[in-house]
Amino acid sequence: MLEAKQLSKSYNNVAALSNASIHLIPGRICGLLGRNGAGKTTLFKILCGLVTPDSGTVNIMSKCAKPIGAVIEEPGLYKYLNAYENLKIFAQIQRAPTDNQSLEQYLKEVGLPLDRNDPVRNFSMGMKQRLGIAIALLNQPEILILDEPFSGLDPSGVASLIKLIKSLSSQNIAILLSSHLMSELYKCCDFLYVIDDGKMVNQGGTQELMDAHITHYTISAVNIQNADAIQPYAIHTEKNKATIQCSGQLIPEILQNLLQSGYSVTSCFPNITLEQLLTPSTI
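It should be emphasised that the depicted structure is a prediction, and the values quoted were computed from it without experimental measurement.

As for the sheet that holds strand S11 (residues 234-238)
Ordered in space as S11-S12-S10-S13, the 4 strands form an open sheet in which the pairing is antiparallel. Edge positions in the sheet fall to S11 and strand S13 (265-271), since each has one partner strand and no second. If you compare each strand with its neighbour and ignore which way they point, the axes differ by 15° on average. Pairing geometry for S11 and strand S12 (residues 241-245), over 4 bridges, is antiparallel. Paired with Ala-234 across the two strands is Ile-244, which belongs to S12.

Looking at the layout of surface pockets
The computed volume of the largest pocket comes to approximately 480 Å³. Around the largest pocket, the lining comprises 21 residues; the ones closest to its centre are Ile-68, Gly-69, Ala-70, Gln-94 and Ala-136. In terms of residue count, the dominant contributor to the lining of the largest pocket is strand S5 (residues 68-71) (4 residues). Roughly 220 Å³ of internal volume is contained in the second largest pocket. Met-182, Ser-183, Tyr-186, Lys-187, Met-210, Cys-268, Phe-269, Pro-270 and Ile-272 are the residues that line the second largest pocket. Those elements that provide at least two residues to the lining of the second largest pocket are helix H6 (182-188) and S13. If one sorts the elements of the lining of the second largest pocket by residue count, H6 sits on top with 4 residues. For the lining of the second largest pocket, the class distribution of residues is 7 nonpolar, 1 polar and 1 charged.

Digging into helix H5 (residues 155-169)
Here H5 contains 15 residues, and its C-alpha end-to-end distance of 21 Å stays within 8% of the 21 Å for a straight helix at 1.5 Å per residue. Inspection of H5 places Gly-157, Val-158, Leu-161, Ile-162, Leu-164, Ile-165, Leu-168 and Ser-169 among the buried residues, and these make up the whole buried set. One side of H5 carries all its buried residues, which in axial view fall inside an arc of 165°. Of the exposed residues in H5, those oriented more than 90 degrees away from the buried face are Pro-155, Ser-156 and Lys-163. At its buried positions, H5 is contacted by strand S3 (29-33), helix H3 (100-109), helix H4 (125-136), strand S6 (143-146), strand S7 (174-179) and H6.

Notes on the pattern of salt bridges
Counted by the stated rule, this structure contains 4 salt bridges. Ionic pairing is found between Glu-148 and Lys-40, a salt bridge with its closest N-O pair at 3.7 Å. Residue Glu-148 is located in the loop between S6 and H5, and its partner Lys-40 is located in helix H1 (residues 40-47); the two are separated by 108 residues in the primary sequence. Note that Asp-118 and Arg-116 form a salt bridge whose closest N and O atoms lie 2.7 Å from each other. Residue classification places Asp-118 among the partly exposed positions, given a relative accessible area of 22%.

A closer look at the pairing of S6
Both faces of S6 are covered, namely the face carrying Ile-143 and Ile-145 and the face carrying Leu-144 and Leu-146. Bridge count for S5 against S6 is 4 bridges, and the pairing is parallel. Pairing of Ala-70 across the sheet is with Ile-145, part of S6. In this fold, the crossover linking S6 to S7 by way of H5 has right-handed handedness.

Quick notes on the nonpolar core
If you look at the biggest cluster of nonpolar residues, it comprises 64 residues, and the most contacted ones within it are Ile-133, Leu-138, Leu-144, Phe-150, Leu-177 and Leu-258. Setting aside chain neighbours within four positions, we find Phe-150 in contact with Val-158, Leu-161, Ile-162, Ile-165, Leu-177, Glu-184 and Cys-188. Ranked by size, the runner-up nonpolar core spans 24 residues in total, among them Phe-44, Leu-47, Ile-143 and Ala-174.

Comments concerning the sheet that holds strand S9 (residues 199-205)
The strands making up a sheet associate through backbone hydrogen bonding, with each pair oriented either parallel or antiparallel. Pairing within the open sheet is mixed, and its 6 strands lie in the order S5-S6-S7-S3-S8-S9. In this open sheet, the two edge strands, each paired with only one partner strand, are S5 and S9. With strand direction ignored, the average angle separating the axes of adjacent strands in the sheet is 15°. Where strand S8 (residues 191-196) and S9 come together, 6 bridges link them in antiparallel fashion. Bridge pairing in S9 links Ile-195 to Met-200. Sitting on the sheet, H5 is in contact with S3, S6 and S7, with an inclination near 155° to S7.

Quick notes on the rules
- Residues numbered from 1 in each chain as written.
- Predicted model: local features only at pLDDT ≥ 70, side-chain atom pairs only at ≥ 80, totals over all residues.
- Heavy atoms only, no water.
- Pairing = 2+ DSSP bridges.
- Helix = DSSP H or I, 4+ residues; strand = E, 2+ residues; numbered from the N terminus.
- Axes fitted to C-alpha atoms, helices over the stretch in contact; angles between N-to-C directions.
- 1 Å grid on protein atoms, 1.4 Å probe; cavity = no way out; pocket = protein on both sides within 12 Å on 5 of 7 lines; lining within 4 Å.
- Points joined across faces, edges and corners; volume = space filled by probe spheres on them.
- Nonpolar A, V, L, I, M, F, W, Y, C, P; charged D, E, K, R; others polar.
- Expected span 1.5 Å × (residues − 1).
- Buried < 20%, exposed > 50% of the residue type's maximum accessible area, 1.4 Å probe, protein only.
- Arc of directions from axis to C-beta.
- Contact = heavy atoms within 4.5 Å.
- Salt bridge = Lys/Arg side-chain N within 4 Å of Asp/Glu carboxyl O.
- Right-handed = clockwise from strand over helix to strand, strands pointing away.
- Core = buried A, V, L, I, M, F, W, Y, C linked by side-chain atoms within 4.5 Å.

Spelled out as structure tokens, the structure:
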């Protein structure tokens, strides 16, 4: 478990972090959502002991010698070496097991092929992220910190990485990851922190936090533009798609009415912007 309280950090009299607090517990995936430059990376560097805060405390309750594994900014790989060789060098640096079986197990755990022997400079961004996570796991940390892990990934890569993150969480690892895109965090996080200008401006369970701010939904179904069930709430319709304005509590009823009327709903997505989440909720 990790508990950080009232962390502040300034560079050249410009506040990068201001009284920020965060709490991580085993098995929970926490997301840190904020614009680029909001203070996410500064917070991560403080939690990892790479930067000393001007004030505040970080308390890590663990018996591990190295309880935190992290990939900050981007994986720092030896691009002329292959995945196995990279992993072995970092294992030697971190004094982790370097035997063949252990290293191959880490590659398997993050979904990297064992028969790929070309340099990692040939790897896709998703494969580099997976290798970075494998390196972060070398000392079997209880806490995993990932800074913008979805950056540069295509939708398939994002879905694959989310599956890996959830798998690691099921092993009772506390996970903290950041992004400036809500859709990615919404799909995998149990709890969200929202940061802006170095300050934590919102926090809460992901679903509860979203529900407290969402007022618009987009529903897709064949000929939904003709459905009576959406007419009181529709603000925009087009063929097979409608955007409606209502509270989250009404969505199950609207979807049930659509199904009873013969409309086969293929998707229902909340429409929400980061700016909306920057407004503190009352949950």
